[in-house]
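Descriptive analysis of the structure
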Number of protein chains: 2
Amino acid sequence: MLLNRITKSNFININKSCLKNYFCSVSSGSSTTTSTTTTTTTANLLKVKRDDRFSYLNKDDISVFKKIMNDESGVITDADDLVGYNHDWMNKYHGNSQLVLRPKSTEQVSQILKYCNERRLAVVPQGGNTGLVGGSVPVHDEIVLSLQSMNKIHEFDSVTGVLTCDAGCILESLEQYLEPRGFTVPLDLGAKGSCQIGGNAATNAGGIRLLRYGSMHANVMGVEAVLADGTIVDCLSTLRKDNTGYDLKQLFIGSEGTLGVITKLAILTPAKPTSVHVALLSCDSFDEVKKLLIEAKKQLGDILSAFEFMDRSCIDVVLEHQPQAREPFDSKFKFYVLLEVSGFNEQHDNEKLNSYLEDVISRKMVADGTFASDSKSIAEFWKLRETITESLGKAGAVYKYDLSLPMDQFYNIVEVMKERLAGKNNSMVCGFGHVGDGNLHLNISTPKQKYNKEFLGLIEPFVYEFTSKHNGSISAEHGIGAMKTEQLHHSKTNSAIQLMRSIKQTMDPNGILNPYKVLPN
Amino acid sequence: MLLNRITKSNFININKSCLKNYFCSVSSGSSTTTSTTTTTTTANLLKVKRDDRFSYLNKDDISVFKKIMNDESGVITDADDLVGYNHDWMNKYHGNSQLVLRPKSTEQVSQILKYCNERRLAVVPQGGNTGLVGGSVPVHDEIVLSLQSMNKIHEFDSVTGVLTCDAGCILESLEQYLEPRGFTVPLDLGAKGSCQIGGNAATNAGGIRLLRYGSMHANVMGVEAVLADGTIVDCLSTLRKDNTGYDLKQLFIGSEGTLGVITKLAILTPAKPTSVHVALLSCDSFDEVKKLLIEAKKQLGDILSAFEFMDRSCIDVVLEHQPQAREPFDSKFKFYVLLEVSGFNEQHDNEKLNSYLEDVISRKMVADGTFASDSKSIAEFWKLRETITESLGKAGAVYKYDLSLPMDQFYNIVEVMKERLAGKNNSMVCGFGHVGDGNLHLNISTPKQKYNKEFLGLIEPFVYEFTSKHNGSISAEHGIGAMKTEQLHHSKTNSAIQLMRSIKQTMDPNGILNPYKVLPN
């Protein structure tokens, strides 16, 4: 049903592979387009007031933009054509922009921003618009600055593996370019068919390869960005080592378009692994899961490419709602681990995984285990993990939290929530996620599809306070966007928020870049 | 002789392993303490004027600091005791500070900076004082804020591998703490016996493991820092994933103490490899060196831990000045590659390296090759690479440049300099370095020990202009410090320098933190 819902929204090309990730990342609480609120915080229900500092767009402005663009196709004002830029793919965030600009060069981006800054016209930079926190959609009438027409690959150095390209390049197209050259992009997201590399950098996108290759802060070598006043900052270094002054590119990575518009990037791409193996293991306690991770790091070292876990409740809900799914072992267990290795030597990787499995079984860290090397079985294993969210969606309303927590509290929050919600609204609490990255997806499901404010009150702000108390992150990989600005204080101290404000004020004194996002209003 | 010179300076504990790295990184142009200028740029010969904005230290200030410190041993004013803090280990940079403060807590750092900011007293934060560009030494009378008394390890999570510690922890002591636990620090420097982890982060230290594990921007998970006005910014996250607002810690990494004082860090530490193999290969052209690197990345994947190169001139100078050194092969070749793999399975790593060697030899990418797995032979191979700088020092005056260059220009600069300097001052031009990281050590040696300004004029600014023209970096890993402020424009555009200034002004409006460093005066 979710598939239908998304397919209906014709304004954004989301391919099937995207959906998988979205299933894992966001709610699929109901079969209707309007009920996605079942799974969100109360924060996004309250729309912040339009900022009086900003001017309203007029005809003269549009004439100026047409002149800058020198091409009518880059200036969109038609109401029908604006729709796709004004809403996010979940149909959860809605703006009212009257103008979309699609520049084709950094120079045009610069001229646009210079003019907007002088005229106090607010701007929302937009990549693939595949975000999950409303960061790339206008809140009011901000001009949409779409990077989609800037999508050229400029250079690839097959010795260093550094790829230089425009911000608007689709992630999947970069992968397609790199694959025949024996390289791969260092991040992989379900949204790869639509998301843009500039947006990936601007939001510090995570994904399933982070465990192996690190974040965008590690993999982006250089950035060209345009500041709010139109200044082009060229830090488009393709060098792995460059200690000449402040590493300015880091400021743009993860700042969600509020400090500047990324126009070009240089990314370090690793050699593409040629062999993949997956194991599915079961444990009786979360302590065993942790031990398995420690041993995997030791024995599998750098071929470890995924370490995901799910508790029994996740398996139950998948078995109930996925007709193809099978009970993975003869008995039931409290926890399941999906472990992937990928490397460059089929035989070695096979042997290593076998040896690891023998070791952890003989040391009784594992209750049962199985592994696969052929792509069909690998896909089946992954399906068990990947259909959890879809199955939860079918089961009822889902209250979802994307948290990072230190290891000693990682699963504890699930136990605590179980106790807290015991007997309330027939709820079911489960946990799964990227345990290798410390990233937990906490899910609370109730049989009724309808959003229940009173029940939500039992979860929030408790879950954020718990996360904050244990120095966790209330947004492990999705960012703050428009959704979590009022929750930011749970993961950032006052002095850190103050420093963020100072930097924003310095780099964008008129606040025209992606207003109402990231910082609390 | 250099060894003697350093041993004489009793103010800083540099162990033998340090020297190796220093040999690779800095000049050893002469046997006297005063002649290190032979190898430096003209910039460091001109001392910048004291900034009139800063107050002069008085007795009342010292009373205040004694009160803050609550312990006389943390307040150093004795002239003899100040010596070690006023000079760098090379005896190249000299300050005239009258006060060293050694706080024991973040709270004390905060109170000190708050007072200094109000009184307009300039401060130079100092870690192990092992830098190579004068960044940690006062230029005039700045108060030295030494982190050496803040050296506790606070926490280690053996599941995530994240270590939390004070900024003043010595790198080697962290390695000693991690080793029995099966982990290792993600960076390794010759200065490890003296350098501090806070300084490593503040200078974004490189070292030989960068190829494998990435830079400090990738490996530091969290930072606690104190701003110029005493504000404590707690971003000491131990989380691998945290997308809640700007990644503020990145601002402090690599800013060389000019934006804040790092007081605590959380670092991601990898599992320690259990097997190491090294190969020495020879090639007839630099194109073959590049091909070897491409194949190494493909076939050795993530077990590749070093890929160093040296040209024939390097080998010649080592053979001439190192009695123990042997001609590595029966014939002489233009280029030599030292390749290291390290992993977790002795047999597999051995097989992979063998298979790689067979392949590149059969495809004629290699003229000759040999490899070692026992620690003695491995050490011998490394010695060939590690004694280059020492040997160059024995040969005469050395003009050294630590550059990053794109692969197509990487060795070209050596050829260009050879042509430019042909027949001048009996000079010899050679190149070696971390080719896997794009980091070239360009060395120009003349038989006479004395520094020659006219000859230097043939090299500079040409070498910086060449580097700049090809989008390289004039400081691959050493930073800017006091040495290269006036050269910064060769690697940073005006708009980038302007943005750096704005950020400095925002975070340290009175400019008290490490003045005269990083930014051009």
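What you see is a predicted model, and the numbers here were worked out from it, not measured in a lab.

What counts as what
Positions within a chain are numbered from 1, following the residues in the order the chain's sequence is written. For this description, chains carry letters from A and ligands carry numbers from 1, given in the order in which they are written. Selection of residues for local features in this predicted model requires a pLDDT of at least 70, selection of side-chain atom pairs for listing and counting requires 80 or more, and totals for whole chains, interfaces and linings are taken over all residues. Excluded from the side-chain calculations are hydrogens and water; all other atoms, namely the structure's heavy atoms, are used. The way it works is that DSSP assigns letters per residue, a run of H or I at least four long becomes a helix, a run of E at least two long becomes a strand, and they are numbered from the N terminus. Residue burial is assigned from relative accessible area. The probe radius is 1.4 Å, only protein chains are included, and a residue is buried under 20% of its type maximum, exposed over 50%, and partly exposed in between. Only the protein chains shown count as cover for residues, and the accessible areas themselves come from Shrake-Rupley with a 1.4 Å probe. Residues scored as positive are Lys and Arg, those scored as negative are Asp and Glu, and His as well as the terminal groups of each chain are ignored. Each charge is placed at NZ for Lys, CZ for Arg, CG for Asp and CD for Glu. Think of it this way: DSSP has to see at least two bridges between two strands before they count as a pair. Interaxial angle, 0 to 180 degrees, is taken between N-to-C directions of lines fitted to C-alpha atoms, where a helix line uses only the stretch in contact. In what follows, a contact means two residues having at least one pair of non-hydrogen atoms within 4.5 Å. The domain limits used here are those given by an automatic or database domain assignment. Here the copies were fitted onto each other by least squares, based on C-alpha atoms from residues at pLDDT of at least 70 in both. UniProt positions are given in the numbering used here, feature names are shortened, and annotations may be inferred rather than shown by experiment. Summed over both partners, the accessible surface that disappears when two parts come together, traced with a 1.4 Å probe, is what is meant by buried area. Within this document, salt bridges are pairs made up of a side-chain nitrogen of Lys or Arg and a carboxyl oxygen of Asp or Glu, the two lying within 4 Å of each other. In the analysis that follows, any N or O atom pair within 3.5 Å is treated as a polar contact, provided that within protein one partner can donate a hydrogen and the other can accept it, and provided that, for residues neighboring in sequence, both atoms belong to side chains. By this rule, a helix spans an expected 1.5 Å times one less than how many residues it contains. An angle counts as roughly parallel when it lies under 35 degrees, as roughly antiparallel when it exceeds 145, as roughly perpendicular when it falls between 65 and 115, and as oblique in every other case. We call Asp, Glu, Lys and Arg charged. Ala, Val, Leu, Ile, Met, Phe, Trp, Tyr, Cys and Pro are nonpolar, and the rest, Gly among them, are polar. The aromatic pairing rule takes the rings of Phe, Tyr and Trp, using the six-membered ring of Trp, and pairs them if the centres are within 6.5 Å, calling planes under 30 degrees apart stacked, those over 60 edge-to-face and the rest tilted. Ring-over charges, as used throughout, are those where CZ of Arg or NZ of Lys falls within 6 Å of the ring centre and within 35 degrees of the ring normal. We call a set of buried residues a nonpolar core when its members are Ala, Val, Leu, Ile, Met, Phe, Trp, Tyr or Cys and they connect through side-chain atoms within 4.5 Å of each other. Pairs of cysteine sulfur atoms within 2.5 Å are identified as disulfides in what follows.

1. Re the overall build of chain A
Helices and strands together make up the secondary structure of chain A, namely 19 helices and 16 strands. Scored against the burial criterion, the 521 residues of chain A give a buried share of 64%. In the form shown here, chain A has an accessible surface area of approximately 19100 Å², with 47% of it arising from carbon and sulfur atoms. Charged side chains of chain A number 55 positive and 60 negative; the gap between the two group centres comes to 4 Å.

2. What about the sheet that holds strand β12 (residues 335-343) of chain B?
Residue and element names in this part refer to chain B. Sheet architecture is open: 7 strands sit in the order β13-β10-β12-β11-β15-β16-β14, paired in antiparallel fashion. A single partner strand is all that each edge strand has here, and the edge strands are β13 (368-372) and β14 (397-404). Across the sheet, the mean angle from the axis of one strand to that of its neighbour is 15°, orientation sign disregarded. Each of β10 (275-283), β11 (304-311), β12, β13, β15 (428-434) and β16 (439-446) touches helix α14 (residues 375-386); the most contacted strand, β10, lies at about 45° to it.

3. A short note on the domain arrangement of chain A
Often, the extent of an interface is quoted as the loss of accessible area upon association of its parts. Taken as a whole, chain A is organised into domain 1 (153-268) and domain 2 (275-388). Centre-to-centre separation of domain 1 of chain A and domain 2 of chain A, based on C-alpha positions: 31 Å.

4. With respect to the relation of the copies chain A and chain B
Between chain A and chain B, the superposition needs a rotation of 180° and an axial shift of 0.0 Å, giving an RMSD of 0.1 Å. The relationship between the two copies is best expressed as a two-fold rotation axis. Taking C-alpha positions as the reference, the residue of chain A nearest the rotation axis is A:Ala218, at 2.3 Å. Most of the interface of chain A is mirrored in chain B, where 100% of its interface residues again form contacts.

5. Observations regarding the UniProt feature "domain: FAD-binding PCMH-type" (unreviewed entry) in chain A
The sites that carry the UniProt feature "domain: FAD-binding PCMH-type" (unreviewed entry) are, in the present numbering, residues 93-272 of chain A. Counted over residues 93-272 of chain A, helix gives 22% and strand 22%. Its end C-alpha atoms are 37 Å apart.

6. Observations regarding helix α15 (residues 388-395) of chain A
Inspection of α15(A) places A:Ile388, A:Thr389, A:Ser391, A:Leu392 and A:Gly393 among the buried residues, and these make up the whole buried set. Looking at the residues trailing α15(A), positive phi occurs at A:Gly396, about 155°.

7. Overview of the interface of chain A and chain B
The interface of chain A with chain B comprises 84 residues on the first partner and 84 residues on the second. For the pair chain A and chain B, the summed buried area comes to about 6800 Å², and 61% of that belongs to carbon and sulfur atoms. Counting the surface chain A buries against chain B, the share from its top three residues, A:Lys241, A:Asn243 and A:Tyr246, is 15%. Counting across the interface, chain A meets chain B through 4 salt bridges. Across the pair A:Lys241 and B:Glu477 runs a salt bridge, and its minimum N-O distance is 2.8 Å. Counting the contacts that link chain A with chain B gives 43 residue pairs in polar contact (both at pLDDT 80 or more). Contributing elements (two or more residues each) for the side of chain A that touches chain B: α8 (210-213), α9 (216-219), β8 (232-235), α10 (249-252), α11 (286-300), α13 (346-362) and α19 (494-507) of chain A.

8. A word on α19(A)
If you check α19(A), its first and last C-alpha atoms are 20 Å apart, about what 14 residues at 1.5 Å a residue would give, namely 20 Å. All of the buried residues along α19(A) are A:Ser495, A:Ala496, A:Ile497, A:Leu499, A:Met500, A:Ile503, A:Lys504 and A:Met507. Along its buried surface, α19(A) packs onto α10 of chain A together with β8 (232-235), α10 (249-252) and α19 (494-507) of chain B.

9. What about the packing of helix α12 (residues 312-321) of chain A against α15(A)?
Residues and elements named next belong to chain A. Viewed as axis vectors pointing N to C, α12 and α15 meet at an angle of 70°, and their least axial separation amounts to 8 Å. Considered as vectors, α12 and α15 are oriented roughly perpendicular to each other. Only Ile388, Ser391, Leu392, Lys394 and Ala395 of α15 make contact with α12, whose side of the interface consists of Cys314, Val317, Val318 and His321. Grouping the constituent residues of the contact of α12 with α15 by class yields 6 nonpolar, 2 polar and 1 charged.

10. Regarding the pattern of salt bridges
Two side chains with opposite charge may pair up if their charged atoms get near one another. Residues and elements named next belong to chain A. Under the defined criterion, the tally for this structure stands at 46 salt bridges over all chains. For the salt bridge of Glu380 with Arg326, the shortest nitrogen-to-oxygen distance reads 2.4 Å. Of the two residues, Glu380 is situated in helix α14 (residues 375-386) and Arg326 in the loop between α12 and β12 (335-343); the sequence distance between them amounts to 54 residues. For Glu380, a relative accessible area of 39% translates into the label partly exposed.

11. So, the packing of aromatic side chains
Considering all chains together, one arrives at 34 aromatic pairs over all chains under this definition. Cluster of aromatic residues (ring-pair linked, three or more members): A:Phe286, A:Phe309, A:Phe335, A:Phe410 and A:Tyr411. The side chain of A:Arg181 reaches across the aromatic face of A:Tyr177, ending 3.7 Å from its centre. We note B:Arg50 situated over the ring of B:Tyr56; from NZ or CZ to the ring centre the distance is 3.7 Å.

12. Some details on the nonpolar core
A:Phe65, A:Ile197, B:Phe65 and B:Ile197 are the most contacted members of the largest nonpolar core, which totals 142 residues. Contact partners of B:Ile197, with chain neighbours within four places excluded, come to B:Cys165, B:Asp166, B:Ala167, B:Cys169, B:Leu171, B:Leu174, B:Leu187, B:Met216, B:Leu265 and B:Ile267.

13. Overview of the environment of A:Lys332
All names here are of chain A. With respect to the element layout, Lys332 can be found in the loop between α12 and β12. A relative accessible area of 59% means that Lys332 is categorised as exposed. Separated by 71 residues in sequence, Lys332 and Val261 have C-alpha atoms that sit 50 Å apart. Excluding residues within four positions of it along the chain, Lys332 makes contact with Arg312 and Glu327.

14. A short note on the pairing of strand β14 (residues 397-404) of chain A
Residues and elements named next belong to chain A. In terms of burial, β14 is largely enclosed, as 8 of its 8 residues are buried. Burial along β14 is two-sided: Ala397, Tyr399, Tyr401 and Leu403 and Val398, Lys400, Asp402 and Ser404, pointing in opposite directions, are all buried. Alignment of β14 against strand β16 (residues 439-446), held across 8 bridges, turns out to be antiparallel. Of the residues in β16, the one forming a bridge with Ser404 is Asn439.

15. Regarding the state of the cysteines
Scanning the model with the defined rule gives 0 disulfides over all chains in all. The cysteine A:Cys165 is free of any disulfide, with A:Cys169 supplying the nearest cysteine sulfur at 4.2 Å.

16. A look at the sheet that holds strand β9 (residues 261-268) of chain A
All names here are of chain A. Taken in spatial order, the 5 strands line up as β5-β6-β9-β7-β8 in an open sheet, and their pairing is antiparallel. Single-partner strands in this sheet number two, and they are β5 (153-157) and β8. Taken over all neighbouring pairs, the strand axes of this sheet differ in orientation by 10° on average, direction set aside. Across 6 bridges, strand β7 (residues 220-226) lies against β9 in antiparallel orientation. Residue Gly222 lies in a different strand from β9, and its bridge partner there is Ala266.

17. Thoughts on unusual backbone geometry
Following A:Glu460, the chain continues into A:Pro461 via a peptide bond in cis, with omega recorded as 0°. The backbone phi angle of A:Asn129 is positive, close to 55°, even though this residue is not glycine. Looking at where A:Asn129 falls in the secondary structure, it is placed in the loop between β3 (123-126) and β4 (143-146). Phi is positive for B:Asn514, which is not a glycine, with a value near 45°. In this fold, B:Asn514 is placed in the segment after α19.

18. Description of the environment of B:Tyr213
Residues and elements named next belong to chain B. Tracing the backbone through its elements, the reader meets Tyr213 in helix α8 (residues 210-213). A relative accessible area of 16% means that Tyr213 is categorised as buried. Apart from residues no more than four positions distant in its own chain, Tyr213 is found in contact with Thr184, Pro186, Ala218, Asn219, Pro270, Ala271 and Pro273.

19. Some words on the side chain of A:Asp349
Counting through the fold element by element, A:Asp349 comes out in helix α13. The buried charged residue A:Asp349 lacks any salt bridge partner; its closest oppositely charged side chain belongs to B:Lys352, at an N-O distance of 4.7 Å. Residues within four places of A:Asp349 in sequence aside, it is in contact with A:Ser275, A:His277, A:Ile303, A:Ser342, A:Gly343 and A:Phe344.

20. Describing the packing of α13(A) against helix α13 (residues 346-362) of chain B
Axis separation between α13(A) and α13(B) bottoms out at 11 Å; the angle between their running directions is 175°. The orientation of α13(A) relative to α13(B) falls into the category roughly antiparallel. Within the contact between the two elements, α13(A) uses A:His348, A:Glu351 and A:Lys352 and α13(B) uses B:His348, B:Glu351 and B:Lys352. Residue composition of the contact of α13(A) with α13(B), grouped by class: no nonpolar, 2 polar and 4 charged.

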